[in-house]
Amino acid sequence: MTRVVLSNDKSFDAPPSSTILDAARAAGIVLEHSCKTGRCGTCKARVLRGATTPIGDDTSLSPAEREAGFILTCTTAAVDEVHLDIEDVSLLADFPSRTTPCRIDALDRPAPDVLRISLRFPPKAAPRYLPGQYVDIVGPNSVRRSYSVANAPSDDGKLELHIREVPGGTLSAYWFGAAKAGDLLRLEGPKGTFFLRDVAGLDLVFLATGTGIAPVKALLEGLAHRVEPGLPRSVTVLWGGRTPQDLYWQPTMDGPVALEYVPVLSRADADWTGARGHVQDVLLQRAPDLARCVVYACGSETMIENASSRLLAAGLSAKRFFSDAFVSSSV
Ligand code: FES
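These numbers come from a predicted model, not from an experiment.

Visitor: Which parts of the structure should I look at to understand the nonpolar core?
Guide: Most often, soluble globular proteins have nonpolar side chains that are buried together. By size, the foremost hydrophobic cluster in this structure holds 30 residues, and its most contacted members are Leu204, Phe206, Trp239 and Tyr296. At the level of elements, β14 (203-209), α4 (213-223), β15 (234-241), β16 (259-265) and β18 (293-300) are the ones that each hand at least two residues to this core. For Tyr296, the residues in contact, after removing those within four places along its chain, are Phe194, Phe195, Leu196, Arg197, Val199, Leu204, Val205, Phe206, Leu207 and Phe322. Counting residues in hydrophobic clusters, the runner-up holds 22 residues, among them Tyr129, Trp175, Ala179 and Leu185.

Visitor: Sorry if this is basic, but what is going on with the sheet that holds strand β2 (residues 11-14) here?
Guide: By definition, the strands of a sheet pair up through backbone hydrogen bonds, in either a parallel or an antiparallel sense. Strand order in the open sheet made by the five strands is β2-β1-β7-β3-β5, with mixed pairing throughout. Unpaired on one side and paired on the other, β2 and β5 (70-72) mark the two borders of the sheet. Pairwise comparison of adjacent strand axes, ignoring direction, gives a mean angle of 40° for this sheet. Of the pairings in the sheet, the one linking strand β3 (residues 44-49) to β5 comprises three bridges and is antiparallel in character. Within the sheet, the bridge partner assigned to Arg46 lies in β5 and is Phe70.

Visitor: I would appreciate a short explanation of the pairing of strand β1 (residues 2-5) in the present structure.
Guide: Inspection of the sheet shows β1 paired to β2 by four bridges, in the antiparallel sense. In the strand pairing of β2, Arg3 is matched with Asp13. Connecting β1 to the antiparallel partner β2 that follows it, the hairpin turn spans five residues, and Asp9 within it adopts a positive phi of roughly 75°. Both β1 and strand β7 (residues 82-84) contribute to a ladder of two bridges, which runs parallel. Bridge assignment links Val4 to a residue of β7, and that residue is Val82.

Visitor: Can you help me understand the sheet that holds strand β13 (residues 184-191) in this one?
Guide: In space, the six strands of this open sheet follow the order β11-β10-β13-β8-β9-β12, with antiparallel pairing throughout. With one partner strand each, in any of the chains shown, β11 (144-148) and β12 (159-164) form the two edges of the open sheet. Adjacent strand axes in the sheet meet at a mean angle of 40°, parallel and antiparallel pairs treated alike. Of the pairings in the sheet, the one linking strand β9 (residues 114-120) to β12 comprises six bridges and is antiparallel in character. Bridge pairing in β12 links Arg116 to His162. Helix-sheet contacts for α4 involve β11 and β12, and the interaxial angle to β12 is about 155°.

Visitor: For this particular structure, what's the right way to read helix α6 (residues 301-313)?
Guide: Since the α-helix advances by 3.6 residues per turn, residues separated by three or four positions end up pointing in the same direction. With 13 residues, α6 extends 18 Å between its outermost C-alpha atoms, agreeing within 8% with the 18 Å of an ideal straight helix rising 1.5 Å per residue. The set of residues buried in α6 consists of Met303, Ile304, Ala307, Ser308 and Leu311. Mapping the buried residues of α6 onto a view down its axis gives an arc of 120°, with all of them on the same face. Those residues of α6 that are exposed and aimed more than 90 degrees away from the buried face are Thr302 and Ala313. Residues of α6 that are buried sit in contact with β14, α5 (279-285), β18 and β19 (321-326). Count one or two residues on from α6 and you reach Gly315, which has phi positive near 120°.

Visitor: Is there a simple way to explain unusual backbone geometry in this structure?
Guide: As a rule of thumb, non-glycine residues mostly have phi less than zero, and peptide bonds are mostly trans rather than cis. Cis geometry is found at the peptide bond from Gly189 to Pro190, where omega equals 10°. Mapped onto the fold, Pro190 is located in strand β13. The step from Glu228 to Pro229 runs through a cis peptide bond, and the omega angle for that step is 5°. The phi angle at Asp9 is positive, at roughly 75°, despite the residue not being glycine. Among the secondary structure elements, Asp9 is positioned in the loop between β1 and β2. For Asp9, a relative accessible area of 65% puts it in the exposed group. The phi dihedral of Ser142 falls on the positive side, at around 60°, and the residue is not glycine. Secondary-structure assignment places Ser142 in the loop between β10 (134-138) and β11.

Visitor: Help me out: how do you make sense of empty space enclosed by the protein in this one?
Guide: Over the atoms a probe the size of a water molecule is rolled, and this reveals where empty space is left. In total, this model carries one cavity of 30 Å³ or more according to the counting rule given. In this structure, the largest cavity encloses a volume near 40 Å³. Forming the boundary of the largest cavity are His33, Ser34, Cys35, Lys36, Gly38, Arg39, Cys40, Gly41, Cys43, Ser60, Leu72 and Cys74.

Visitor: What am I meant to see in the pattern of salt bridges here?
Guide: Two side chains bearing opposite charge may form a pair once their charged atoms approach each other closely. Considering all chains together, one arrives at 22 salt bridges under this definition. Several salt bridges share partner residues, and in doing so they unite Asp136, Arg144, Glu188 and Lys191 into one network.

Procedures and definitions
- Residues numbered from 1 in each chain as written.
- Predicted model: local features only at pLDDT ≥ 70, side-chain atom pairs only at ≥ 80, totals over all residues.
- Heavy atoms only, no water.
- Core = buried A, V, L, I, M, F, W, Y, C linked by side-chain atoms within 4.5 Å.
- Buried < 20%, exposed > 50% of the residue type's maximum accessible area, 1.4 Å probe, protein only.
- Helix = DSSP H or I, 4+ residues; strand = E, 2+ residues; numbered from the N terminus.
- Contact = heavy atoms within 4.5 Å.
- Pairing = 2+ DSSP bridges.
- Axes fitted to C-alpha atoms, helices over the stretch in contact; angles between N-to-C directions.
- Expected span 1.5 Å × (residues − 1).
- Arc of directions from axis to C-beta.
- 1 Å grid on protein atoms, 1.4 Å probe; cavity = no way out; pocket = protein on both sides within 12 Å on 5 of 7 lines; lining within 4 Å.
- Points joined across faces, edges and corners; volume = space filled by probe spheres on them.
- Salt bridge = Lys/Arg side-chain N within 4 Å of Asp/Glu carboxyl O.

Here's what the structure looks like:
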């Protein structure tokens, strides 16, 4: 049995057969994570001292990150006492994951390839969660997929999900061909560590592609209830799609800080007068004060990886970049 020590001095035992992430969880400590399969990079941590060994896929680490001492806590075990340059997010221990039956309350199509559904729950069974987290939905034939919650917790307990059509996808065939109000499903959650940290006095930037806007919408709704001294200095949303119909919602925020919304299109026609290209490029073109920025990115793996490497190379602190990648499933 070895020990893992975090930068805020919390520590836990870590058996060599267990990933550091699982060992932390067994000790009641929650570390940053999302996919738990080595693919999204959310659980990256820098080793300050001690030896580790990969016990699963860690291919989302770049050679430069390996060289700099980064590991993935979800696929790495401790060999001897290990000190990591991360803090825990044990606030999430107050929001345990549970399995709950639910029914589709309503559904519509804000874009041709996007389904927006509202879920309702039996009395007192609605899940408690933090804006930004995701849930697993177990549909027909026990097929399970993950979706970010698109609303902050509400009095009626309903959850909104934005679902993108995946051609040939097993659950997509149900969502886009058969789903109807009243259908019974199972939900497991909340999950993930994508939630708003301390943003007081900072320039808060959201980067989203496609249905990655869903958790951003939930975070904006949650942010509207924050008060001084916890407010950011500014809030900017950059949302990217190929064509205007991909941007199927108008980001808004009722709150004390004005929201700047920058729609970005990668395949706009000549009439488009807004920003073109990719959200991370547009953010860097705006020359943000990266010493005062905190970035929350949600969407494709490609956008997250590219945004992370370029923003960090430009001077953003790794501790001020949070992400939730949509890791594709094989079916
Ligand atoms: Fe570890 Fe995704 S790579 S949680």
